[in-house]
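# Structural features, examined
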Amino acid sequence: MKVILTGGGTGGHIYPAIAIADQIKAQYPDAEILFVGTSKGMEKDLVPQAGYPIRFITASGLDRRNLLKNFKTARDVLKGLAEAKAILQEFKPDAVIGTGGYVCGPIVKAAQSMKIRTFLHEQNAFPGVTNKLLAKGAEKVFISFAEAANHFKGVTSMVVTGNPIRKDFFSGTKEEYRAKLGIPQDAFVVLCFGGSRGAYAINTTMTAAVDSLKDVSGLKLYFVTGRYYYDSITEELARKDVAAEGGNVVLFPYVNNMHEYLLAADLVISRSGALTVSEITACGKASVLIPSPNVTGNHQFFNAKVVADRGGAVLLEEKDLTPERLVASILAVKSDAEKKASMEAAARAVGTADAAKAIVASMNL
């Protein structure tokens with residue numbers, strides 16, 4: 001059996017594809033798997049690191065600000081389709097799975113024209129343009145949030161599976177990771193991060209909020225700034241007499257073992273990309289979700305709203321983000337054990353632990 005997976009640009013598209021590939025290999029050890037992406041996206045590094053081969057095609061997204069650049073996009077589509085057909089003819093896959101990003105367009109469209117079975121996975125509550133365009137020709141569309149179904153007009157072959165995430169997020173308990181990381185078992189642990197590069201609005205607001213949080217009894221804040229912001233925030237906190245490590249505020253530029261800190265946390269403060277939301281809810285964590293306003297279709301808002309509407313998160317839009325509101329949100333959860341437990345249960349009800357398994361089972365490979 002041969003399967004092509006395609007999806008790229010960001011980790012939010014790539015990690016789910018890798019999780020699906022891992023599940024296919026677990027169930028069908030002899031399966032041959034090939035990834036198709038672009039040489040500019042994160043997939044060029046992440047896929048080989050995961051142990052899978054990858055081929056590259058030409059692809060680019062629509063530019064909504066400079067329409068003239070879309071002439072190049074049109075040329076890239078035609079070139080990418082030709083490259084995709086050549087890969088399909090050579091590899092002869094039994095199925096093609098797309099997980100989003102503009103690179104999916106050429107390879108999935110070419111596969112559909114060649115009568116090869118195609119499947120899509122949509123991570124967000126508000127689907128991306130590429131998946132919406134490809135959905136009618138797909139055998140099945142797997143969605144992470146039931147709410148996404150409202151945006152696939154005329155598509156009936158949808159299955160709610162959740163978002164495939166790495167097995168690391170199910171690898172231990174809060175108590176185990178607190179012991180491993182040296183975190184007091186009785187602390188109220190807040191984990192704040194804005195993605196691998198950091199988020200300016202979250203960083204500046206949390207830095208200001210530290211004035212009100214640094215002396216709160218029993219509170220431990222793990223603040224992941226992103227490498228770009230780390231030095232300036234370290235200096236700012238030093239002026240506030242807050243050390244970058246020790247005390248109840250611990251600063252990191254980046255953490256490779258995010259699953260350990262997430263599982264050790266009581267409350268998570270973060271953006272609401274689909275993968276992040278899926279990891280938080282799968283771990284059953286209360287959260288304050290601050291959607292990025294700078295993403296296409298405002299899909300982070302819709303991801304956060306799904307969890308907030310069910311009681312698992314506080315949705316705090318960036319336009320409303322202030323140190324005072326952030327502190328109030330944190331202390332409201334810290335001071336109310338019943339509220340915290342309710343949010344955790346609601347988050348866990350949204351989350352899915354076996355999405356990759358459900359997807360592979362539904363494909364009937």
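All values derive from a computational prediction rather than experimental measurement. (Residues numbered from 1 in each chain as written. Predicted model: local features only at pLDDT ≥ 70, side-chain atom pairs only at ≥ 80, totals over all residues. Heavy atoms only, no water.)

Okay, the pairing of strand 8 (residues 188-193) next. Successive side chains on a regular strand alternate, one facing one side of the sheet and the next facing the other. Across the 6 residues of strand 8, 6 count as buried, placing the element largely inside the fold. As a crossover connection, the stretch from strand 8 through helix 7 (residues 200-213) into strand 9 (residues 219-224) is right-handed. (Buried < 20%, exposed > 50% of the residue type's maximum accessible area, 1.4 Å probe, protein only. Helix = DSSP H or I, 4+ residues; strand = E, 2+ residues; numbered from the N terminus. Right-handed = clockwise from strand over helix to strand, strands pointing away.)

Right, let's get into helix 10 (residues 274-282). Of all 9 residues in helix 10, 9 are buried, a share of seventy percent or more. Every buried residue of helix 10 is listed here: Ala 274, Leu 275, Thr 276, Val 277, Ser 278, Glu 279, Ile 280, Thr 281 and Ala 282. Gly 284 sits one or two residues past helix 10 and shows a positive phi near 65°.

Here Gln 123 lies in the loop between strand 5 (117-122) and helix 5 (129-134). A polar contact is formed between the side chain of Gln 123 and the side chain of His 13, at a distance of 2.9 Å. Not counting chain neighbours up to four residues away, the residues in contact with Gln 123 comprise Gly 12, His 13, Pro 16, Thr 99, Ser 144, Phe 145, Asn 163 and Ala 274. (Polar contact = N/O pair within 3.5 Å; in protein donor to acceptor, adjacent residues only side chain to side chain. Contact = heavy atoms within 4.5 Å.)

Pairing in this open sheet of 6 strands is parallel, and the strands run 10-9-8-11-12-13 from one edge to the other. A single partner strand is all that each edge strand has here, and the edge strands are strand 10 (249-252) and strand 13 (313-315). Geometrically, the sheet is characterised by an average inter-axis angle of 15° between neighbouring strands, direction not taken into account. By the bridge criterion, 6 bridges tie strand 8 to strand 9 in an arrangement that is parallel. Residue pairing for strand 9: Phe 188 is matched across the bridge by Leu 219. The sheet strands contacting helix 7 are strand 8, strand 9, strand 10 and strand 11 (267-270), and the helix crosses strand 9 at an angle near 160°. (Pairing = 2+ DSSP bridges. Axes fitted to C-alpha atoms, helices over the stretch in contact; angles between N-to-C directions.)

One pass over the structure, following the stated rule, counts 17 salt bridges. Two residues, Lys 174 and Asp 266, come together in a salt bridge whose shortest N-O distance is 3.1 Å. Note that Lys 174 is positioned in helix 6 (residues 174-181) and Asp 266 in the loop between helix 9 (258-264) and strand 11, a separation of 92 residues in sequence. Overall, Asp 266 belongs to the buried group, its relative accessible area being 4%. It is possible to trace a salt-bridge network through shared partners that takes in Lys 174, Arg 178, Asp 266, Lys 340 and Glu 344. (Salt bridge = Lys/Arg side-chain N within 4 Å of Asp/Glu carboxyl O.)

What the 7 strands build is an open sheet, ordered 3-2-1-4-5-6-7; its pairing is parallel. The outermost strands of the open sheet, each flanked by one partner alone, are strand 3 (54-56) and strand 7 (158-160). Averaged over all adjacent pairs, the angle separating strand axes in this sheet is 25°, with direction ignored. Here strand 4 (residues 95-98) pairs with strand 5 via 4 bridges, running parallel. Across the sheet, Val 96 pairs through a bridge with Thr 118, a residue of strand 5.

Here the focus is the packing of aromatic side chains. Overall, the coordinates contain 9 aromatic pairs when judged by the stated rule. For the ring pair Tyr 222 and Phe 252, a centre distance of 6.3 Å and an interplane angle of 10° mean the geometry is stacked. With a gap of 30 residues between them, Tyr 222 in strand 9 and Phe 252 in strand 10 connect regions that are remote in the sequence. Using a relative accessible area of 6% as the deciding quantity, one classes Tyr 222 as buried. By the ring-pair criterion, three or more aromatic residues cluster together here, those being Phe 126, Phe 301 and Phe 302. Directly above the aromatic system of Phe 91 lies the positively charged group of Lys 2, at a separation of 5.2 Å from the ring centroid. Here Arg 166 stacks its cationic end above the ring of Tyr 15, 4.6 Å away from the centre of that ring. (Phe/Tyr/Trp six-rings, centres within 6.5 Å; stacked < 30°, edge-to-face > 60°. Lys NZ or Arg CZ within 6 Å of the ring centre and 35° of its normal.)

A word on the packing of helix 1 (residues 11-27) against helix 14 (residues 355-363). Running from amino to carboxyl end, helix 1 crosses helix 14 at an angle of 65°, the nearest separation of the two axes being 9 Å. Note that helix 1 runs across helix 14; the crossing there is right-handed. Residues Ala 19, Ile 20, Gln 23, Ile 24 and Gln 27 of helix 1 form the contact with helix 14, whose own contacting residues are Ala 356, Lys 357, Ile 359 and Val 360. Among the residues forming the contact of helix 1 with helix 14, the class breakdown is 6 nonpolar, 2 polar and 1 charged. (Left-handed = near helix turned anticlockwise from the far one by under 90°. Nonpolar A, V, L, I, M, F, W, Y, C, P; charged D, E, K, R; others polar.)

Turning to the nonpolar core, a few remarks are in order. By size, the foremost hydrophobic cluster in this structure holds 33 residues, and its most contacted members are Leu 191, Tyr 222, Phe 252, Leu 262 and Leu 289. Going through the elements one at a time, strand 8, strand 9, strand 10, helix 9, helix 10 and helix 11 (299-309) are the ones with two or more residues in this core. Here Tyr 222 is in contact with Ile 183, Val 189, Val 190, Leu 191, Cys 192, Val 250, Phe 252 and Tyr 261, once residues within four sequence places are set aside. In this structure, Phe 223, Leu 267, Leu 321 and Val 333 belong to the second largest nonpolar core, which totals 31 residues. (Core = buried A, V, L, I, M, F, W, Y, C linked by side-chain atoms within 4.5 Å.)

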